[in-house]
Amino acid sequence: MNYFRKLASGKRNRYQEDRYDLDMTYITPRIIAMSFPASGMEKLYRNPIDKVAQFLQEKHGDNYLVFNFSDRKYNYAKFYNRVVDYEWRDHHAPKVLVLFDACK
């Protein structure tokens with residue numbers, strides 16, 4: 001399955017340490033960029049939500065917050081409901097107020 005995930009992420013950086021191989025990268029020690037945490041068939045080529053949740057809990061304990069910059073929802077309970085939504089449509093510029101709110 002990692003073959004399809006690597007194919008989907010292309011030449012982007014992947015987090016490949018310990019037992020993890022995820023489409024995510026540390027921008028700073030406190031900020032991680034990652035692709036959509038998926039379930040069902042979509043996890044064949046995207047980060048499996050359970051692996052992402054396990055990674056965050058293992059590496060950061062209770063000290064993390066997920067910012068959902070997509071217009072899609074997922075099971076926030078996997079992240080102990082530590083998710084903030086910023087309805088940002090894929091491949092489109094955000095509404096100015098959404099951008100300002102996210103930066104705040």
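Use the structure listed above.
Attention here is on the structure that accompanies the text. Model, not experiment: these values are computed from the prediction.

## Considerations on the packing of aromatic side chains
Taken as a whole and assessed by the stated rule, the structure comprises 10 aromatic pairs. When the ring of F36 is compared with that of Y74, the centres are 5.3 Å apart and the planes differ by 85°; the resulting orientation is edge-to-face. With F36 in the loop between β4 (31-34) and β5 (37-38) and Y74 in the loop between β7 (66-68) and β8 (83-85), this residue pair connects regions lying 38 residues apart in the sequence. With relative accessibility at 13%, the residue F36 sits in the buried group. Take Y74: its relative accessible area is 14%, and that puts it in the buried class. Each ring, one from Y74 and one from Y76, has its centre 4.9 Å from the other, and the planes form 80°; the classification is edge-to-face. Three or more aromatic residues link up through ring pairs in this structure, and these residues are Y15, Y20, Y26 and F55. Sitting over the face of the ring of F36, R72 holds its NZ or CZ atom 4.0 Å from the ring centroid. Sitting above the plane of the Y64 ring, R82 keeps its charged end 4.5 Å from the centroid.

## So, the side chain of N47
Position of N47 among the secondary structure elements: in strand β6 (residues 47-48). Polar contacts involving the side chain of N47 include one to the side chain of S35, which spans 3.3 Å. In this structure, N47 is in contact with L22, D23, M34, S35, F36, P37, A38 and V52, ignoring residues within four places of it in sequence.

## Some details on a nonpolar patch on the surface
The grouping of V96, L97, L99 and F100 at the surface amounts to a nonpolar patch, some 430 Å² of accessible area in total. Residue placement: L97 occurs in helix α3 (residues 96-103).

## Quick word on helix α2 (residues 49-60)
Since there are 3.6 residues in each turn of an α-helix, residues three or four apart along the chain are aligned in direction. Between its first and last C-alpha atoms α2 spans 16 Å; for 12 residues at 1.5 Å apiece the expected length is 16 Å, and the two agree. The complete set of buried residues in α2 reads I49, V52, A53, F55 and L56. Buried residues in α2, looked at end-on, bunch into an arc of 160°, giving them a common side. One or two residues past the end of α2 sits G61, with phi positive at roughly 55°.

## Topic: unusual backbone geometry
Despite not being glycine, D18 shows a phi value in the positive range, around 50°. Looking at where D18 falls in the secondary structure, it is placed in the loop between β1 (15-17) and β2 (20-22). Relative accessible area serves as the criterion here: at 59%, D18 is assigned to the exposed category. Non-glycine residue N81 carries a positive phi angle of around 60°. When you line up the elements, N81 lands in the loop between β7 and β8.

Procedures and definitions
Residues numbered from 1 in each chain as written. Predicted model: local features only at pLDDT ≥ 70, side-chain atom pairs only at ≥ 80, totals over all residues. Heavy atoms only, no water. Phe/Tyr/Trp six-rings, centres within 6.5 Å; stacked < 30°, edge-to-face > 60°. Helix = DSSP H or I, 4+ residues; strand = E, 2+ residues; numbered from the N terminus. Buried < 20%, exposed > 50% of the residue type's maximum accessible area, 1.4 Å probe, protein only. Lys NZ or Arg CZ within 6 Å of the ring centre and 35° of its normal. Polar contact = N/O pair within 3.5 Å; in protein donor to acceptor, adjacent residues only side chain to side chain. Contact = heavy atoms within 4.5 Å. Patch = residues over 30% accessible without salt bridge, like charges linked within 9 Å, V, L, I, M, F, W, Y side chains within 5 Å. Areas by Shrake-Rupley, 256 points an atom, 1.4 Å probe, with all protein chains shown as cover. Salt bridge = Lys/Arg side-chain N within 4 Å of Asp/Glu carboxyl O. Expected span 1.5 Å × (residues − 1). Arc of directions from axis to C-beta.

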